[in-house]
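Geometric and topological summary
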Amino acid sequence: MTTISAPKTRSPIGRTFSRNPFLLSLILLIIMIVINRALQDNMLEIGPLNGTLRTMMPAIFLAIGQTFVVIAGGVDLSVGSILSMTNAILAVMITQEATADQALVAILVALAAGLGAGALNGFGVTVLRLQPIVTTYATSFIFAGIALRILPEPGGRLPRDLTSFYRNPLQLSESFAIPLSLILITLLVIFWLVLSRTRFKQFLFATGGNADAAYTTGVRVSRVKFTTYLLSALFATLGALALTLGTGTGNPRAGELMTLPSVVAVVLGGTRLAGGQGNIIGSIIGVLILGLIGNIISFGDLDSWVRPLVDALIIIAALAIPGVIGLVRRLNQ
Amino acid sequence: MRKKLLLAAAAAATLAAFSFGTLSAQDEQVFTVGISNSFVGSEWRTQMIQEIENVAAELSDDPELGVDIELVIESEDTDAAGQEQQIQNLVNRGVDAIIVNPGDAEALRLSLEDAAAAGVVVISVDQEIDGEGVVNVVIDQAEWARISARWLAEKLGGEGDIVLIEGFVGHPANTARMTGVEEVLAEYPGINVVGRESGMWDQATGQQVMSDFLASIPNIDGVWTQDGMASGVLQAIVTAAPEEFPLVTGEARASYVRLWESVLADNPDFTGIGVVNPPGIGASGLRVAVNLLLGNTIDEEQLAGPYGNTLYVPIPWVLLSEDFNYVNMDGEESLLPANFDEVLEEVAELPDSYTLDGILTAEEAAAYFVPAS
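Small disclaimer: the values here were computed from a predicted structure and weren't measured.

1. Focus on the overall build of chain B
- When its secondary structure is counted, chain B shows twelve helices and 14 strands.
- Its C-alpha radius of gyration of 22 Å places chain B within 12% of the 21 Å reference for a compact globule of 373 residues.
- With the C-alpha coordinates aligned to their principal axes, the bounding extent of chain B is approximately 70 × 40 × 40 Å.
- Looking at chain B as a whole, 55% of its 373 residues are labelled buried.
- Pairs at least 24 residues apart make up 72% of the contacts formed inside chain B by residues separated by at least 6 positions.
- The centroid of the 14 positive side-chain charges in chain B is displaced by 5 Å from the centroid of its 62 negative side-chain charges.

2. So, the pairing of strand S6 (residues 160-166) of chain B
Residues and elements named next belong to chain B.
- The element S6 is extensively covered by neighbouring structure, given that six of its seven residues are classed as buried.
- Alignment of S6 against strand S7 (residues 191-198), held across seven bridges, turns out to be parallel. Directly across from Asp161, in S7, lies its bridge partner Asn192.
- A crossover links S6 with its parallel partner S7, the connecting element being helix H6 (residues 172-185), and its sense is right-handed.

3. Some words on the sheet that holds strand S1 (residues 29-37) of chain B
All names here are of chain B.
- Ordered by their spatial adjacency, six strands build an open sheet running S2-S1-S3-S4-S5-S11, and the pairing between neighbours is parallel. The sheet terminates laterally at strand S2 (67-75) and strand S11 (310-312), the two strands that pair on one side only. Along the sheet, successive strands turn relative to each other by an average axial angle of 20 degrees, direction set aside.
- Here S1 pairs with strand S3 (residues 97-101) via five bridges, running parallel. Within S3, the residue paired with Ile35 across the bridge is Ile99.
- In the packing of helix H10 (residues 281-293) onto the sheet, contacts are made with S1, S2, S3, strand S4 (121-125), strand S5 (134-138) and S11, and the angle to S4 comes to roughly 160 degrees.

4. Considerations on the pattern of salt bridges
- The final tally for this structure, using the stated rule, is 20 salt bridges over all chains.
- Ionic pairing is found between Glu84(B) and Arg54(A), a salt bridge with its closest N-O pair at 3.2 Å. Residue Glu84(B) is found in helix H3 (residues 80-93), and its partner Arg54(A) is found in helix H3 (residues 46-71); the two belong to separate chains.
- Note on Glu84(B): relative accessible area 5%, which makes it buried.

5. Topic: the packing of aromatic side chains
- Within the structure shown, the criterion is met by twelve aromatic pairs over all chains.
- Ring centres 6.0 Å apart and planes at 25 degrees place the aromatic pair Phe68(A) and Phe235(A) in the stacked group. One end of the pair, Phe68(A), is in helix H3; the other, Phe235(A), is in helix H11 (residues 221-247), and 167 residues separate them in sequence.
- Judged by relative accessible area, which is 0%, Phe68(A) ranks as buried.
- Ring centres of Phe168(B) and Trp201(B) lie 5.7 Å apart, and the angle between their planes is 90 degrees; on these two criteria the pair is classed as edge-to-face. Taken together, the positions of Phe168(B) in the loop between S6 and H6 and Trp201(B) in the loop between S7 and helix H7 (203-216) put the pair 33 residues apart, joining distant regions of the chain.
- Aromatic rings pair up to connect Phe61(A), Phe68(A), Phe191(A), Trp192(A) and Phe235(A) into one cluster.
- The side chain of Lys201(A) reaches across the aromatic face of Phe205(A), ending 4.7 Å from its centre.

6. A closer look at the interface of chain B and chain A
- With 25 residues of chain B at the interface, the matching set in chain A holds 32 residues.
- Between chain B and chain A, a total of about 2400 Å² is buried, with carbon and sulfur atoms accounting for 37% of that surface.
- The largest share of the area that chain B buries against chain A comes from Gln85(B), Asn92(B) and Leu110(B), three residues that together contribute 23% of it.
- Counting across the chain B and chain A interface gives seven salt bridges.
- With a closest N to O distance of 3.4 Å, Arg167(A) and Glu84(B) form a salt bridge.
- In this assembly, chain B and chain A are joined by 15 residue pairs in polar contact (both at pLDDT 80 or more).

7. Overview of H10(B)
All names here are of chain B.
- In a regular helix each residue adds 1.5 Å, so 13 residues correspond to 18 Å; H10 covers 18 Å between its end C-alpha atoms and thus fits that length.
- Inspection of H10 places Ile281, Gly282, Ala283, Ser284, Gly285, Leu286, Arg287, Val288, Ala289, Val290, Asn291 and Leu293 among the buried residues, and these make up the whole buried set.
- Following H10 by one or two positions, Gly295 has its phi on the positive side, about 90 degrees.

8. What to know about the nonpolar core
Residues and elements named next belong to chain A.
- Counting 71 residues, the largest nonpolar core has Met57, Ile60, Ile64, Phe68 and Leu188 as its most contacted members.
- Here this core takes twelve residues from helix H13 (residues 280-299), the largest share from any one element.
- Residues within four places of Phe68 in sequence aside, it is in contact with Phe191, Trp192, Leu195, Leu204, Thr228, Leu231, Phe235 and Ile280.

9. Observations concerning the sheet that holds S7(B)
Residue and element names in this part refer to chain B.
- The strand order S7-S6-S8-S9 describes an open sheet built from four strands, whose pairing is parallel. In this open sheet, the two edge strands, each paired with only one partner strand, are S7 and strand S9 (247-248).
- Inspection of the sheet shows strand S8 (residues 222-225) paired to S9 by two bridges, in the parallel sense. Looking at the pairing, Val223 lines up with Val248 of S9.
- Contacting S6, S7 and S8, H7 runs over the sheet at an angle of about 155 degrees to S6.

10. Comments concerning helix H12 (residues 259-268) of chain A
Residue and element names in this part refer to chain A.
- Counting buried residues along H12, eight of its ten residues qualify, which places the element largely inside the surrounding structure.
- Among the residues of H12, those classed as buried are Thr259, Ser262, Val263, Val264, Ala265, Val266, Val267 and Leu268.
- A positive backbone phi angle near 90 degrees is found at Gly270, which sits one or two residues after H12.

11. A short note on a nonpolar patch on the surface
Residue and element names in this part refer to chain A.
- On the surface, a nonpolar cluster with roughly 570 Å² of combined accessible area is contributed by Val92, Met93, Val105, Val109, Leu120, Ile142, Ile146 and Ile150.
- Listed by contribution, the elements that provide at least two residues to the nonpolar patch are helix H4 (79-93), helix H5 (100-127) and helix H6 (132-150).
- On the secondary structure map, Val92 appears in helix H4.
- A residue is classified by how much of its surface remains accessible, and Val92, at 40% relative accessible area, is partly exposed.

12. Digging into the environment of Thr271(A)
Residue and element names in this part refer to chain A.
- Examined against the element boundaries, Thr271 turns out to sit in the loop between H12 and H13.
- The spatial distance from the C-alpha of Thr271 to the C-alpha of Leu319 is 9.9 Å, given a sequence separation of 48 residues.
- Setting aside chain neighbours within four positions, we find Thr271 in contact with Thr67, Val70, Ile71, Val266, Gln277, Gly278, Asn279 and Ser283.

13. Quick notes on the environment of Asp114(B)
Residue and element names in this part refer to chain B.
- Note that Asp114 resides in helix H4 (residues 105-117).
- The exposure class assigned to Asp114 is partly exposed, which follows from its relative accessible area of 39%.
- On a C-alpha basis, the gap between Asp114 and Gly131 in space is 9.6 Å, while along the polypeptide they are 17 residues apart.

14. Structural notes on a negative patch on the surface
Residues and elements named next belong to chain B.
- The grouping of Glu261, Asp341, Glu342, Glu345 and Glu346 at the surface amounts to a negative patch.
- It is helix H11 (residues 340-346) that contributes the most residues to the negative patch, four residues altogether.
- Looking at where Glu345 falls in the secondary structure, it is placed in helix H11.

Conventions we followed
- Residues numbered from 1 in each chain as written.
- Chains lettered and ligands numbered in written order.
- Predicted model: local features only at pLDDT ≥ 70, side-chain atom pairs only at ≥ 80, totals over all residues.
- Heavy atoms only, no water.
- Helix = DSSP H or I, 4+ residues; strand = E, 2+ residues; numbered from the N terminus.
- Rg over C-alpha atoms; globule rule 2.2 N^0.38 Å.
- Buried < 20%, exposed > 50% of the residue type's maximum accessible area, 1.4 Å probe, protein only.
- Contact = heavy atoms within 4.5 Å.
- Lys, Arg positive; Asp, Glu negative; His and termini not counted.
- Charge placed at Lys NZ, Arg CZ, Asp CG, Glu CD.
- Pairing = 2+ DSSP bridges.
- Right-handed = clockwise from strand over helix to strand, strands pointing away.
- Axes fitted to C-alpha atoms, helices over the stretch in contact; angles between N-to-C directions.
- Salt bridge = Lys/Arg side-chain N within 4 Å of Asp/Glu carboxyl O.
- Phe/Tyr/Trp six-rings, centres within 6.5 Å; stacked < 30°, edge-to-face > 60°.
- Lys NZ or Arg CZ within 6 Å of the ring centre and 35° of its normal.
- Buried area = accessible area lost by both parts, 1.4 Å probe.
- Polar contact = N/O pair within 3.5 Å; in protein donor to acceptor, adjacent residues only side chain to side chain.
- Expected span 1.5 Å × (residues − 1).
- Core = buried A, V, L, I, M, F, W, Y, C linked by side-chain atoms within 4.5 Å.
- Patch = residues over 30% accessible without salt bridge, like charges linked within 9 Å, V, L, I, M, F, W, Y side chains within 5 Å.
- Areas by Shrake-Rupley, 256 points an atom, 1.4 Å probe, with all protein chains shown as cover.

Laid out in structure tokens, this is it:
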């Protein structure tokens, strides 16, 4: 006689964690904040906090865009190049003498160029049916080339009013200021919570989870995938806007090193690389974790070469956690 | 590093206690100096940081000066955003001064201006930044390039076909250098540039580019190239072994000095030039920073450059096997002496990657400041 143990009823806490994998990342983030705060007394003061968050904003935008593509089962290796390209457009068009109207036109042109880039990716993946990794790797060179064509060497200078507004904390009253980036992050979280209530989110998850099954149940898989590349490019352009306002200038290679970290942040945030599951809140947390690692290494007086090592260990851990949880579950049964 | 600093401080304290001066260890002013470097894949940058450490220890050891310099080094391969974070971390730590070798001078401008406005002494070395409150300590890259370009043109007697192998196209230092080369060559209508290509400041790429030139262009009389590539270029020529060696502008590195010597075995007439682009510029920057931290005022007349905030450090010296009478763009002559044999001896113990160097002395640094009355 064998007894088959009934499947374990998971505790409510266990269920919460498996439904929201980003909660694990949130715990990691809180640990990071505690360590960083212990090493850096003024970490949470308005000035330092504002500066830290501001430098992370471009990466946050990139990671959010990447999340949509990854959830739908793809990957976008051109986000860094799209950021370079639109950063170049903004830096060339918004000159020091630019009026508000001219700045607005520049932003619209950058958005159009960004969306065009996203459409090209979407076309390659959904119409030509090419592998996302190959398509976006190839197009990344096109966009990087266009960036160099528009702005051959780093340069351009934005009006100081514009950069000062973006760089400094938002003064809400005489005595109270808040980092502008904190407001932006809050808006992005609200955007996701609203999106979560729409059918697009269901289609998105269905496409990434099982595209064939989704197709047979009436989800327009190609259209959903196409949209994710548009969204990815849109957010890359917003990232470029954040970078341009933050540095006040353009660099045709600005995004060169930013693509892979965007994927890493997505994974760190609990989004499944195979698709079908994920969350942009997690990706924001992922970027914050990666950024704080740098601060901790700096304030902990560790040698800078430790950083890639720590980054790598955290990525492996993040990739391994779901597997380990599954393994423990199987062993328990 | 940390240990070395403590030792340096202890040594300085001991010396101070025994010296006739009135300073005791308690009177020492402690200055924290942050270093921000965004590129580690180069021996030049490694040497730059080592020289800063050496000079920091030397200054801390000097009982007369009564300072103790503590370094905080932020050095990693990173982009503009990463270097901005380095700078912010240094400011948030409360450093007294920052010495930065900027990866993207324009993208760091606003953050460095903020740092300067917060009372931090900000020195940019190796590259000029148009930032309020920032002081640039650099060599004149255009003049650096003019010296070897003039040497090449004169050696060729103003006649011949030459190729140019440049660094990163679009990099400010490369742009300045190539402008300098073009200015000099404009005075020699008999010299034709028959090829121009980027060697990416990389020995292997430089070697490849030169091999391609040798294969495709007959009778190259001269090559103008820069440091970081010249050893590769010369290696390509040695490998191709043309009947007549073209004249090559070299580089002021230990590896090149040795390669030059080995070429002499088969070609006793071979000669070259290596203009020193000193990694010690970082340490020179530190000397300027310490003067500012001690409250000295820069002599306004010494400030120059496109943004009016640059202290140009003279090019320390030039590696030559024959005397060269250099004439600059203003027609001023200076005799650069032959020194190849001495340099060959000096670098015998040093690694291939060592760059021939020069650092401002304390007196030379003080000369940029208004004399204390």
